There are 2 protein chains.
Amino acid sequence: MERGLKMTGQRRVIARVLSESHDHPDVEELYRRASVLDDRISVATVYRTVRLLEENGILERRDFGGGRARYETADEGDHYHLIDVESGQVVEFTHADHAELLRRITAELGFELVSHRLELFARRLPDVSQEQTDQQAQTERKGRSRP
Amino acid sequence: MERGLKMTGQRRVIARVLSESHDHPDVEELYRRASVLDDRISVATVYRTVRLLEENGILERRDFGGGRARYETADEGDHYHLIDVESGQVVEFTHADHAELLRRITAELGFELVSHRLELFARRLPDVSQEQTDQQAQTERKGRSRP
DNA sequence: TTAACTGCAAATGCTTTGCAGGCGG
DNA sequence: CCGCCTGCAAAGCATTTGCAGTTAA
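Numbering of residues starts from 1 in every chain and runs along the sequence as written. To label them, take the chains in the order written and letter them from A, then take the ligands in the order written and number them from 1. The predicted nature of this model means local features are confined to residues of pLDDT at least 70 and side-chain atom pairs, given and counted, to a pLDDT of 80 or more, with totals for whole chains, interfaces and linings taken over all residues. The basis for the side-chain values is all heavy atoms of the structure; hydrogens and waters are excluded.

As recorded in an unreviewed UniProt entry, chain A goes by Ferric uptake regulation protein and comes from Komagataeibacter saccharivorans. What UniProt states about chain A under its Subcellular location (unreviewed entry) heading is, verbatim, "Cytoplasm". UniProt positions are given in the numbering used here, feature names are shortened, and annotations may be inferred rather than shown by experiment.

Right under this line is the structure:
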């Protein structure tokens, strides 16, 4: 493997777990899922692997409150997260040009945007079950997410 | 004091430190500043006080990366933070109607916005020292901030 | 008086690490 | 074969908490 990294059994398993995870598991959860496939894996290895992958841009670390880091694969495209404060459920959404807006703001302050963080904490609205407003086009749901 | 709270010497000192702090100190730093005024204060008390004040909406807890929580008084008006990834310096800025934008996005997803988090991590641009663009009006610097 | 508060140190919870043995390339 | 990996348990850190002695109201 490139850069002197070894493809060990544990890493193979963790990689598989990650590619099959379309939510935002924390290390404990990844450890649980990996253990099902191979019970010779330790949490320490999960921590080490997850860190390795994050440093190489494969994974992205998130903080949705609650103290533990949560992870998602980095190749999922630009999106943000809305956390349901009641259930803890995470809803992903995209917003066209939001990053561009932030870049502009940053530039105006005399800086160059390196990265940013945006999380919405919200409460589910009583479902009015109405027709879609035309504004829905701007903010589109992404079709996945179950933490 | 209201709600059975006592105004102790320690709290008086910590309150004073907070009102005089116009940056975003972490607990360690608050402890240091308070100790100067009264060396009979323990970190535990600072932690407890800071938590108390946060629960009562007097203080706001921030996470600018780096592992420790940072605090600022809640009465400073709506603003966001840009963290200089090089120096760690925090620049505050306001952006008209950003909260409103986020509220709209949230509503479109069928939620009611409870709170949100937005942080920009950026690198200082080589100072071009040019005239102000008219866009500067939109994103205005706030006149304070030295972490 | 007495419930709230404080200092101290022990405890927590997540994450990292030192070490000695394993194992992939 | 050699250096990268792993499990285990100990160590780190920021923060919280149990306890017994204070103190504000």
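Draft legend 1. Up close: the pattern of salt bridges. Residue and element names in this part refer to chain A. Salt bridge, as used here, is a side-chain nitrogen of Lys or Arg placed within 4 Å of a carboxyl oxygen of Asp or Glu. In the structure shown here, the tally under the stated rule is 32 salt bridges over all chains. Between Arg68 and Asp26 there is a salt bridge, and its shortest N-O distance comes to 3.2 Å. One end of the pair, Arg68, is in the loop between strand E1 (59–62) and strand E2 (70–73); the other, Asp26, is in the loop between helix H1 (9–20) and helix H2 (27–37), and 42 residues separate them in sequence. A network of salt bridges, in which partner residues are shared, links Asp23, Glu29, Arg32 and Arg33. For helices the rule is a DSSP run of H or I covering at least 4 residues; for strands it is a run of E covering at least 2, with both sets numbered from the N terminus onward.

Draft legend 2. Fine view of the interface of chain B and chain A. On the side of chain A, 37 residues touch chain B, which itself brings 37 residues to the contact. Around 3700 Å² of area is buried between chain B and chain A when both sides are counted, 62% of it from carbon and sulfur atoms. Together, Glu108(B), Phe111(B) and Arg117(B) form the three largest contributors to the area buried by chain B at its contact with chain A, with a combined 22%. The tally of links between chain B and chain A comes to six salt bridges. Under the rule applied, a polar contact is a pair of N or O atoms within 3.5 Å (in protein, one hydrogen donor and one hydrogen acceptor; residues adjacent in sequence only if both atoms are side-chain atoms). Counting the contacts that link chain B with chain A gives 13 residue pairs in polar contact (both at pLDDT 80 or more). Among the elements of the structure, strand E3 (80–84), strand E4 (90–93), helix H4 (98–108) and strand E5 (111–124) of chain B are those that each provide at least two residues to the side of chain B that touches chain A. The element contributing the most residues to the side of chain B that touches chain A is E5(B), with 14 residues. In terms of residue class, the side of chain B that touches chain A is built from 17 nonpolar, 10 polar and 10 charged. One requirement defines pairing of two strands: DSSP has to find at least two bridges between them. Note that strand E5 (residues 111–124) of chain A and E5(B) share 13 bridges and pair antiparallel. From the neighbouring strand, Glu112(A) faces E5(B), where its bridge partner is Arg123(B). The contact criterion used is simple: two residues touch if any of their non-hydrogen atoms lie within 4.5 Å. Put simply, buried area is the surface a 1.4 Å probe can reach on two separate parts but cannot reach once they are joined, added for both. Residue polarity follows a fixed list, in which Ala, Val, Leu, Ile, Met, Phe, Trp, Tyr, Cys and Pro are nonpolar, Asp, Glu, Lys and Arg are charged, and the others, Gly among them, are polar.

Draft legend 3. Expanded view of the environment of Ser115(A). Structurally, Ser115(A) is set in strand E5. Exposure categories follow from relative accessible area, calculated using a 1.4 Å probe and restricted to protein chains: below 20% of the type maximum is buried, above 50% is exposed, and the middle band is partly exposed. In this structure Ser115(A) comes out as partly exposed when scored by relative accessible area, which is 34%. In this structure the C-alpha to C-alpha distance between Ser115(A) and Arg103(A), which are 12 residues apart in sequence, comes to 9.4 Å. Other than its neighbours up to four places away in sequence, Ser115(A) contacts Glu119(B), Leu120(B) and Phe121(B).

Draft legend 4. Expanded view of H2(A). Residue and element names in this part refer to chain A. Taken residue by residue, H2 has Val27, Leu30 and Ala34 as its buried positions. Down the axis of H2, the buried set is contained in an arc of 60 degrees. They therefore lie on one face. The inward-facing, buried residues of H2 contact H1, helix H3 (43–55) and E2. Two to three positions downstream of the cap, the backbone nitrogen of Glu28 sits 3.2 Å from a side-chain oxygen, assigning the N-cap of H2 to Asp26. For this quantity, the arc is that covered by the directions from the helix axis to the C-beta atoms.

Draft legend 5. Fine view of the domain arrangement of chain A. All names here are of chain A. The domain limits used here are those given by an automatic or database domain assignment. By the assigned domains, chain A splits into domain 1 (9–73) and domain 2 (80–141). The interface of domain 1 with domain 2 comprises six residues on the first partner and six residues on the second. Between domain 1 and domain 2 lies a buried interface of about 510 Å² when both sides are counted; carbon and sulfur atoms form 56% of it. Counting the surface domain 1 buries against domain 2, the share from its top three residues, His24, Asp63 and Phe64, is 71%. Counting across the domain 1 and domain 2 interface gives zero salt bridges. Across the domain 1-domain 2 interface, the total number found is three residue pairs in polar contact (both at pLDDT 80 or more). When its residues are assigned to classes, the side of domain 1 that touches domain 2 shows one nonpolar, one polar and four charged.

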